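# Descriptive structure summary
Single-letter residue listing:
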Amino acid sequence: MINVTAAVSVREDKTTEFEDAVAAARPGMLADPGCLRWDLQRVSRSTTDYVLLEAYADGEALKRHGAAPEFAAFGEALKDLVAAPPVITVLKPVGTQSA
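Because the structure is predicted, anything quoted here is derived from the model rather than measured. (Residues numbered from 1 in each chain as written. Predicted model: local features only at pLDDT ≥ 70, side-chain atom pairs only at ≥ 80, totals over all residues. Heavy atoms only, no water.)

Moving on, we come to the overall build of the chain. Secondary structure assignment for the chain yields three helices and four strands. When the helices and strands of the chain are read in sequence order from the N terminus, they spell out β-α-β-β-α-α-β. Here the C-alpha atoms of the chain give a radius of gyration of 14 Å, agreeing with the 13 Å that 2.2 N^0.38 yields for 99 residues. Along the first, second and third principal axes, the C-alpha set of the chain runs to 45 × 30 × 20 Å. The buried share of the chain, reckoned over its 99 residues, is 31%. (Helix = DSSP H or I, 4+ residues; strand = E, 2+ residues; numbered from the N terminus. Rg over C-alpha atoms; globule rule 2.2 N^0.38 Å. Buried < 20%, exposed > 50% of the residue type's maximum accessible area, 1.4 Å probe, protein only.)

Right under this line is the structure:
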């Protein structure tokens, strides 16, 4: 399993539009059976900072995600909503939890 976090700072006047864009994109992202999680969380005590929590079955699923038309459309939808480019972190479980 591969986990990904995408930390996103959203323009103050665009938070509702951002949340709506994520909600609209979510079914398409989860349509790939290798996408196991694609959930939006807001950072506590912030109105503009969010984290997308993502999980993929394997590297091939993550590659498909990045190449999917839904991913490109989502990026286009976000371009006027975010305050800065997202900070993407790719994680892999270690030790006994990786089994």
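Okay, back to it.
The next subject is the side chain of S46. Positionally, S46 belongs in the loop between β2 (35–42) and β3 (49–56). A distance of 3.0 Å separates the side chain of S46 from the backbone nitrogen of D49, its partner in a polar contact. (Polar contact = N/O pair within 3.5 Å; in protein donor to acceptor, adjacent residues only side chain to side chain.)

With that out of the way, let us pick up the environment of P86. Take P86: it is sitting in the loop between α3 (69–78) and β4 (87–91). P86 sits in the partly exposed class, given a relative accessible area of 41%. Separated by 16 residues in the primary sequence, P86 and E70 place their C-alpha atoms 17 Å from one another. With residues near it in sequence (within four places) discarded, P86 still touches A7 and V8. (Contact = heavy atoms within 4.5 Å.)

With that settled, the discussion passes to helix α1 (residues 15–30). In an α-helix there are 3.6 residues to a turn, and that puts residues three or four apart on one side. For α1, spanning 16 residues, the distance from its first C-alpha to its last is 22 Å, which sits close to the expected 22 Å at 1.5 Å a residue. Along α1, the sharpest kink reaches roughly 25°, centred on A24 and followed within four residues by the proline P27. Buried within α1 we find T15, F18, A21, V22, A25 and M29. Buried residues in α1 make contact with β1 (2–9), β2, β3, α2 (59–67) and α3. (Expected span 1.5 Å × (residues − 1). Bend = angle between axes of the 7 residues up to and from the residue.)

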